[in-house]
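# Working through the structure, step by step
Residue strings, one per chain:
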Amino acid sequence: GEGRGGREAEKLLAAYRAAQFYLRPTGAGLGSNNWVLSPKRTTTGAPILCNDPHLPPLMPGIWYLIHLSGGGFEVAGGSLPGVPGVLVGHNAHIAWGVTNAFTDVQDIYIEHSHPDDPQRYLYAGGWEHAQVIEEVIPIRGRRPHVERVRITRHGPVISDLISRRPGDTEFSLRWAGHEPAQTLQAVFRLNRAHDWKSFRAALRDWSVPGQNFVYADTAGNIGYLLASRVPLRAKGEGLLPTPGWDGEHEWTGFIPFDEMPQALNPPAGYIATANNRATGADYPYTLTTEWLTGWRAARIAQMIEARPHLSPADCAAMQTDLYSLPAERIVPHLLRLVPHDSQEAAALELLRTWDRRVTPDSAAATIYEGVVSHLIQQTLGEWLGPPDEGFVARGLGDVPTSPLHDHFFDLMVTALETGQASWLPDRESALREALQTTLADLRRRFGPDPTDWQWGRLSRLRFQHMLGLGPLARLFNRGPYPLGGDGQTVRQADFPPTWPPGPAHIVPGYRQVFDLSNWDRARVIVIPGQSGHPGSRHYADLVRPWLKGELAPLLWSRAKVTAAARARLRLEPG
């Protein structure tokens, strides 16, 4: 629940404050939704499985739709260019979808190097030699750059990315992804799985990244499995850098596969995940401390339970839902304010009549988003530091350094409701200051008429190409487009935790809705398009349908595929 999220956020905030400097390197926040319905909950009498992974809006797109037929494979869905197989999709027997589980599979170790030999490190009373790998990087017109990578028993020394000065603290990274694993083999076996038993067997080989898999099969079964190699630690939970020299903070193994969270045909008749907590307080292992908050998962469950049976069209509409559950908890506190002037009165009236949907044409949504952003910075700014120096790193745009900002949101909601946080002693004055700051900013940007303050004027979708800089921007990039949603709506549009928000850095780049009664009824979409060539008409032709919530057929049977084919590309060996 959100109360528990607030308590966890308090712990995470304390850990963040202690390690603030080392949290600055860039790393994007991610999110996704998936759910699966048993036959008793659908209008088709068969399971329905849905998934919409949330990733950055890049150009070309991250996802590529394929139907792979041949060599023992008959599978269709979303692939990643350059990675063999289908990552999310279906074959003739089963369907699956994924969301990031945010499992904690990395630890930072503080290393104690020898004062006279930087290639030797202290461990359990003795000096160990680090492995040294020389990576030669050619540079046109100059001598090659030689990067000497030192690898301790824990992993590569990464502190050189921060400082190379003699005497500085050195850190190494241990990551489950550096351990021998067969994740690619897991993908191949997953693509050919035919039932729950073979599905589970395939995921035994899955290492990283940790994923919440939902499952359905043509026999009518539904299931869930968290697949990840999560380390068991001799001491502590690896939240902060730990001593690498004492031998007391080592990994002792991994959580046994059979004890990872999983379920088959639960009594509720559905399973839904949205990067939220997957286990109860009684789960004996530490999977992570960075689950995202539960707003999206709660809204998905609310929509599923609102009607006895759902159709594939209902599920497609759920994927584009823009209703804000946290607004139900935040807006009432604002409405208790007595307006000081006509501008405040007009703004509060917009909030009073707001349907809580974060649509691109909503002015009330803009006021709400501005208040939330300013309230978080106002109440937590002393802890976090300036947004561009503390909890936001500057790289290709502004991206959050970790899921911490999601917990800051919950921390703010909990403080509003309880009034017990030491950094929010006066809720009324904090709310009024956030409201007044927001209104002043919106007047300056869009004029005095609140009806001109539509959320889509600030919330934008822009597709950025690596080559789309300077005069090449018009050729390679696309957008901006007005965008609905925020970080807590089911159709997520996650922004940097600053104001104004800037372009969204996380959106649902792929959507699938599978009706297991007939594979030819599968519906999918990717953005911006299926082609990576800016001269192709398929470079960005799916953006407009995606914005409207539309899906396209992913035909399965050979006859229907052949009948619908527009062109053929035949590759022959030379």
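Here the structure is a predicted model, which is why all the values come from computation and not from measurement. (Residues numbered from 1 in each chain as written. Predicted model: local features only at pLDDT ≥ 70, side-chain atom pairs only at ≥ 80, totals over all residues. Heavy atoms only, no water.)

### Notes on the overall build of the protein
A tally of helices and strands in the protein yields 13 helices and 28 strands. Looking at the protein as a whole, 52% of its 574 residues are labelled buried. Residue pairs in contact within the protein that sit at least 24 positions apart in sequence constitute 66% of those at least 6 positions apart. Only carbon and sulfur atoms are counted for the fraction: they give 53% of the accessible area of the protein, which is about 26,000 Å². (Helix = DSSP H or I, 4+ residues; strand = E, 2+ residues; numbered from the N terminus. Buried < 20%, exposed > 50% of the residue type's maximum accessible area, 1.4 Å probe, protein only. Contact = heavy atoms within 4.5 Å. Areas by Shrake-Rupley, 256 points an atom, 1.4 Å probe, with all protein chains shown as cover.)

### What to know about the nonpolar core
Grouped together as the largest cluster of nonpolar side chains are 107 residues, with contacts concentrated most on Phe-199 and Phe-514. Ignoring any residue separated from it by four or fewer positions in sequence, one finds Phe-514 in contact with Pro-47, Ile-48, Leu-49, Gly-89, His-90, Ala-95, Trp-519, Ala-522, Val-524 and Leu-554. Core analysis: the second largest hydrophobic core is formed by 17 residues, Tyr-270, Ala-297, Ile-300 and Ala-301 among them. (Core = buried A, V, L, I, M, F, W, Y, C linked by side-chain atoms within 4.5 Å.)

### Overview of the confidence of the model for the protein
Averaged over all residues, the pLDDT of the protein equals 89, while 89% of them reach at least 70. In the model, residues 18-29 has pLDDT below 50 throughout and makes 30 contacts with residues more than four positions away in sequence or in other chains. Within the model, pLDDT remains below 50 along residues 390-401, and this stretch shows 44 contacts once partners closer than five positions in the same chain are excluded. (pLDDT = per-residue confidence, 0-100.)

### Structural notes on a nonpolar patch on the surface
On the surface, Met-466, Leu-467, Leu-472 and Leu-475 cluster together into a nonpolar patch covering about 410 Å² of accessible area. One can find Met-466 in the loop between β23 (460-465) and α11 (473-476). We classify Met-466 as exposed; its relative accessible area is 64%. (Patch = residues over 30% accessible without salt bridge, like charges linked within 9 Å, V, L, I, M, F, W, Y side chains within 5 Å. Salt bridge = Lys/Arg side-chain N within 4 Å of Asp/Glu carboxyl O.)

### As for the sheet that holds strand β15 (residues 222-227)
Across the sheet, seven strands lie side by side as β4-β5-β6-β7-β14-β15-β19; this open sheet has antiparallel pairing. The sheet terminates laterally at β4 (64-70) and β19 (262-264), the two strands that pair on one side only. Along the sheet, successive strands turn relative to each other by an average axial angle of 15°, direction set aside. Strands in contact with helix α3 (residues 196-203) are β7 (94-100), β14 (211-217), β15 and β19; relative to β15, the strand with the most contacts, it is inclined by about 10°. (Pairing = 2+ DSSP bridges. Axes fitted to C-alpha atoms, helices over the stretch in contact; angles between N-to-C directions.)

### Describing the side chain of His-154
Along the polypeptide, His-154 turns up in the loop between β12 (145-151) and β13 (170-175). By relative accessible area, which is 4% here, His-154 ends up buried. Look past the residues within four positions of His-154 in its chain and what remains in contact with it is Tyr-109, Glu-111, Ser-172, Leu-173, Arg-174, Gly-244 and Glu-250.

### With respect to the packing of helix α4 (residues 295-305) against helix α6 (residues 325-335)
The geometry of α4 relative to α6 is characterised by a closest axis approach of 8 Å and an angle of 110° between their N-to-C directions. Judged by the inter-axis angle, α4 sits roughly perpendicular to α6. Contacts from Trp-295, Ala-298, Arg-299 and Gln-302 in α4 reach Leu-325, Pro-326 and Arg-329 in α6. (Parallel < 35°, antiparallel > 145°, perpendicular 65-115°, else oblique.)

### What about the packing of aromatic side chains?
For the structure shown, the criterion picks out 14 aromatic pairs. Centroid distance Trp-455 to Phe-495: 5.8 Å. Interplanar angle 80°. Geometry classified as edge-to-face. Taken as a pair, Trp-455 in the loop between α10 (427-446) and β23 and Phe-495 in the loop between β24 (478-482) and β25 (507-508) lie far apart in primary sequence, 40 residues in all. Aromatic rings pair up to connect Trp-196, Phe-199, Trp-206, Phe-213 and Tyr-215 into one cluster. Between the NZ or CZ atom of Arg-153 and the centre of the ring of Tyr-123, over which it lies, the distance is 3.7 Å. For Arg-229, the ring lying beneath its charged end belongs to Phe-254, and the centroid distance is 4.1 Å. (Phe/Tyr/Trp six-rings, centres within 6.5 Å; stacked < 30°, edge-to-face > 60°. Lys NZ or Arg CZ within 6 Å of the ring centre and 35° of its normal.)

### A closer look at α6
The set of residues buried in α6 consists of Leu-325, Pro-326, Ala-327, Ile-330, Val-331, His-333 and Leu-334. At the N-terminal boundary of α6, the capping side chain belongs to Ser-324, with an oxygen 3.2 Å from the backbone nitrogen of Ala-327. (Polar contact = N/O pair within 3.5 Å; in protein donor to acceptor, adjacent residues only side chain to side chain.)

### Side note on the environment of Ile-330
One can find Ile-330 in helix α6. Spatially, the C-alpha atom of Ile-330 lies 8.5 Å from that of Glu-417, the residues being 87 residues apart in sequence. If we skip the residues at most four places from it in the chain, Ile-330 touches Tyr-368, Val-372, Phe-409, Met-412, Val-413 and Leu-416.

### A closer look at the environment of Gly-61
Following the sequence through the fold, Gly-61 ends up in the loop between β3 (58-59) and β4. Linking Gly-61 and Ser-531, residues 470 residues apart in sequence, is a C-alpha distance of 8.5 Å. Setting aside chain neighbours within four positions, we find Gly-61 in contact with Ile-527 and Pro-528.

### What about the sheet that holds β13?
Each strand in a sheet pairs with its neighbour through backbone hydrogen bonds, running either in the same direction (parallel) or in the opposite one (antiparallel). In spatial order, the strands read β13-β8-β17; together these three strands make up an open sheet with mixed pairing. A single partner strand is all that each edge strand has here, and the edge strands are β13 and β17 (242-243). In this structure, strand β8 (residues 106-111) lies alongside β13, joined through six bridges in antiparallel fashion. Paired with Glu-111 across the strands is Glu-170, a residue of β13.

### Brief notes about the pairing of β23
Where a strand is regular, its side chains alternate between the two sheet faces. Residues of β23 alternate between two faces, with Leu-461, Phe-463 and His-465 buried on one and Arg-460, Arg-462 and Gln-464 left unburied on the opposite face. Bridge count for β3 against β23 is two bridges, and the pairing is parallel. Residue pairing across strands places Leu-58 opposite Gln-464, the latter belonging to β23. When β23 meets β24, the two strands line up antiparallel, connected through three bridges. Pairing of Arg-460 across the sheet is with Pro-482, part of β24.

### Structural notes on the pattern of salt bridges
Summed over all chains, the structure comprises 21 salt bridges. Notably, a salt bridge pairs Glu-344 with Arg-432, separated by 2.8 Å at the nearest N-O pair. Linking Glu-344 in helix α7 (residues 342-352) with Arg-432 in helix α10, this pair joins segments that are 88 residues apart in sequence. Like Glu-344, the residue Arg-432 is buried in the burial classification. Via salt bridges that share partners, Asp-104, Asp-107 and Arg-233 belong to a single interconnected network.

### What to know about the environment of Arg-558
Its place among the elements puts Arg-558 in helix α13 (residues 558-564). On the basis of relative accessible area, Arg-558 is assigned to the exposed category, the value being 52%. Considered as a pair, Arg-558 and Asp-520 are 38 residues apart in the sequence and their alpha carbons are 10.0 Å apart.

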